[in-house]
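Residues per chain are reported as follows:
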Amino acid sequence: PEQPFFRFGSDIIVPAQKERTIDLLFRPLLEGGGTAHVQLQSDVPELGAFPYEVTWTATAAGRERALVLKAPLGGMAGFAVDSFRFEHYARQAVNYTAKIEAAPSHRGQEGDFTLAHPTVDAPACRDGESVTCDVEVTYQPSALGESRALLVVAGPG
C-alpha cells in the first residue's frame, strides 16, 4: 500500500480458480480522514495489479480498561501497585507522558495515586510489529472509601 496507515495481512496465496478474502490492516497514528490508494500486485506478471481506493476515518481513542487497585488504609502494606499496559505501533520512537487527573466522578484524594515514571520511551517499530509499554501506578489511600482518578497517557501528534 502507498498509504503508511495501511498494510496487507500475511502472505496472500490464491489457488487457481478460487477466491480469497484479503485483510487490509488500518492503524492510524493521527485523527482525521481521507482517501488512500492501495494496490495488490501479483508475482505473476500476467495477472497484473489490482488498485483500490479506500475512504478512511480515524477518531480519537476511547477509554481503556479500568485499573482496580485495592489497599488497606495504614500499615506497612498500605498501598497497591499495578501496571497499565498499551501497545505502541509508530514507526518512529515516541516519548509518551503520563499523568494522573481527577476523574469526572472524582472521589477521594487525587494524590492517592502516583506514577513511578511519568514518561515512557517507546522505540520505533517495524511494519506490522508493536512494542508493549507499561505505566506503573501506585495507590496509597489517605482516607476510607473509594478513590477514583484518570490515568492520561499522551504522545506528540
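Quick caveat: nothing in here was measured; it's all calculated off a predicted structure.

**Overview of the pairing of strand β8 (residues 119–122)**
Moving on, step 1. With burial as the criterion, only one face of β8 is covered, namely that bearing V120 and A122; the residues T119 and D121 on the opposite face remain uncovered.
Moving on, step 2. Across four bridges, strand β6 (residues 94–102) lies against β8 in antiparallel orientation. Paired with V94 across the bridge in β8 is A122.

**Points about the nonpolar core**
Moving on, step 1. With ten residues, the main nonpolar core is built from F84, F86, A90, V94, Y96, A98, V120, A122, C133 and V135.
Moving on, step 2. Sorting the residues of this core by element identifies β5 (80–88), β6, β8 and β9 (131–139) as the ones contributing at least two each.
Moving on, step 3. Looking at this core element by element, the count peaks at three residues for β6.
Moving on, step 4. Once you skip the residues sitting within four places of it in the chain, A90 turns out to touch L29, P123, A124 and C125.

**Overview of the environment of L151**
Moving on, step 1. Along the chain, L151 turns up in strand β10 (residues 149–154).
Moving on, step 2. The spacing of L151 and T114 is 37 residues in sequence and 9.8 Å in space, taken between C-alpha atoms.
Moving on, step 3. Aside from chain neighbours lying at most four places away, what touches L151 is F84, A98, K99, I100, L115, V135 and V137.

Thresholds, definitions, all that
- Residues numbered from 1 in each chain as written.
- Predicted model: local features only at pLDDT ≥ 70, side-chain atom pairs only at ≥ 80, totals over all residues.
- Heavy atoms only, no water.
- Buried < 20%, exposed > 50% of the residue type's maximum accessible area, 1.4 Å probe, protein only.
- Helix = DSSP H or I, 4+ residues; strand = E, 2+ residues; numbered from the N terminus.
- Pairing = 2+ DSSP bridges.
- Core = buried A, V, L, I, M, F, W, Y, C linked by side-chain atoms within 4.5 Å.
- Contact = heavy atoms within 4.5 Å.

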